[in-house]
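Structural description and commentary
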Amino acid sequence: MRVVVIGASGHIGTYLVPRLVDAGHDVVAVSRGKREPYSPHGAWKHVTAVSADREAEDADGTFGRRIADLEGDVVIDLICFQEPSARHLAEALAGRVRHFLHCGTIWTHGPSARVPTTEDRPKRPLGEYGRQKAAIEAYLLERAHRDGFPATVIHPGHITGPGWVPVNPAGNVNPAVFQTLADGEELALPNFGMETVQHVHADDVARLFMDAVADPSASVGESFHSVAVGALTLRGYAEAVAGWFGREARLAYLPWERWRDTVSEEDARVTHDHIMYSPHCSMAKAERLLGHRPRYEPLEAVREAVDWLVRAGTVKV
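Notes on the structure follow. These figures come from a predicted structure and were not determined experimentally. (Residues numbered from 1 in each chain as written. Predicted model: local features only at pLDDT ≥ 70, side-chain atom pairs only at ≥ 80, totals over all residues. Heavy atoms only, no water.)

**Let's talk about the sheet that holds strand β4 (residues 74–77)**
One open sheet accounts for seven strands, arranged β3-β2-β1-β4-β5-β6-β11; its pairing is parallel. Because the sheet does not close on itself, it has two edges, and the strands there are β3 (48–51) and β11 (223–226). Direction aside, the axes of adjacent strands within the sheet are offset by 20 degrees on average. In the sheet, strand β5 (residues 99–103) pairs with strand β6 (residues 151–156) via four bridges, with the strands oriented parallel. (Pairing = 2+ DSSP bridges. Helix = DSSP H or I, 4+ residues; strand = E, 2+ residues; numbered from the N terminus. Axes fitted to C-alpha atoms, helices over the stretch in contact; angles between N-to-C directions.)

**Observations concerning the side chain of Thr152**
In this structure, Thr152 sits in strand β6. Overall, Thr152 belongs to the buried group, its relative accessible area being 0%. Beyond its immediate sequence surroundings of up to four residues, Thr152 is in contact with His99, Phe100, Leu101, His102, Ala212, Ser219, Val220, Gly221, Glu222 and Phe224. (Buried < 20%, exposed > 50% of the residue type's maximum accessible area, 1.4 Å probe, protein only. Contact = heavy atoms within 4.5 Å.)

**Considerations on the environment of Asp77**
Within the element layout of this structure, Asp77 appears in strand β4. Spatially, the C-alpha atoms of Asp77 and Ile6 are 4.9 Å apart, while their sequence positions differ by 71 residues. Setting aside its immediate chain neighbours within four residues, Asp77 contacts Ile6, Arg54, Leu89, Phe100, Leu101, His102 and Cys103.

**Comments concerning helix α4 (residues 83–93)**
Note: α-helices contain 3.6 residues per turn, so residues at a spacing of three or four share the same orientation. Every buried residue of α4 is accounted for by Ser85, Ala86, Leu89, Ala90 and Leu93. The buried residues of α4 occupy an angular sector of 125 degrees when projected down its axis, which confines them to one face. α4 presents Pro84 and Glu91 as exposed residues on the side facing more than 90 degrees away from its buried surface. For α4, the secondary structure elements touched by its buried residues are β1 (2–6), α2 (54–59), α3 (63–68), β4, β5 and α5 (128–147). At the exit of α4 stands Gly95, carrying a positive phi of roughly 80 degrees. (Arc of directions from axis to C-beta.)

**Section: the side chain of Ser226**
Its location among the elements puts Ser226 in strand β11. Aside from chain neighbours lying at most four places away, what touches Ser226 is Ile154, His155, Pro156, Gly157, Val200, Asp204, Val205, Leu208 and Met283.

**Details of empty space enclosed by the protein**
Empty pockets left among the atoms are what a rolling probe the size of a water molecule brings to light. Inspection of every chain in the model, using the stated rule, returns two cavities of 30 Å³ or more. The computed volume of the largest cavity comes to approximately 40 Å³. Taken together, Ile106, Trp107, His109, Gly110, Ser112, Thr117, Tyr277, Pro279, His280 and Cys281 make up the lining of the largest cavity. In the lining of the largest cavity, the residues fall into five nonpolar, five polar and no charged. Looking at the second largest cavity, its volume works out to about 30 Å³. (1 Å grid on protein atoms, 1.4 Å probe; cavity = no way out; pocket = protein on both sides within 12 Å on 5 of 7 lines; lining within 4 Å. Points joined across faces, edges and corners; volume = space filled by probe spheres on them. Nonpolar A, V, L, I, M, F, W, Y, C, P; charged D, E, K, R; others polar.)

The quantities given are spatial measurements derived from coordinates; they are silent on function.
Below, the structure written as structure tokens:
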């Protein structure tokens, strides 16, 4: 099949595009053309690259037509963040595509209430990012059920892998947290360190997209989580990372109002975004309908990223 991937050179696309090529698909990779994939792969030589500025083309109403004119049997949208953009694209593709897959986020759920959270739980997102993603999901699935638009939504957790800094044991993306643990220095965590994060390796997200593409009869009209099985408490995560460096974690705990004054404003903002959700989502639906199981345990997924930080010299041992 001809598969168009929008946002092809990002975290997920780095793994998804080579998998699509290896599976024999004719792949069109749409991106701004300003970034190489995080990991090199020979499959990219067999991809048709298309450069597009989505924001500008959305503004002038041409992006949907541009994608439709690429004549993909399948369109995978990895970088849609606003409901009007999703509507514009879906309207342009209606009747012209066999399968449309959108990348959402577990942020659509809001704070965890009953864990593990299943896809059918009420949506209570807190921030604008989560609210927009929830609105996109509601629109696409309503179109699927009402009009037969062939939409599937996949919701990743905290995507990790070699090439970028993963969400760390303090709930932000400052690599200095990993350095503190590597050095055996004391690391302060907010509250009692019992809030949770839930990572997923980017390749496991790519694999779930592949499984959904391979079985549209089971995936169209559905949403699926894409997370490693099991969430990590900040405390348990910190203890594991310290152990990778042959250290015993030296942890301190501070009430949120005191802790946030010990870090930068940006680190505090990112941490707050993560711990107020404290996600722990279920993968049972993807296994039941698609036979999909993540290959990476949470700490395995993170360790690949931390090992890359060490090789890159970002974290010094």
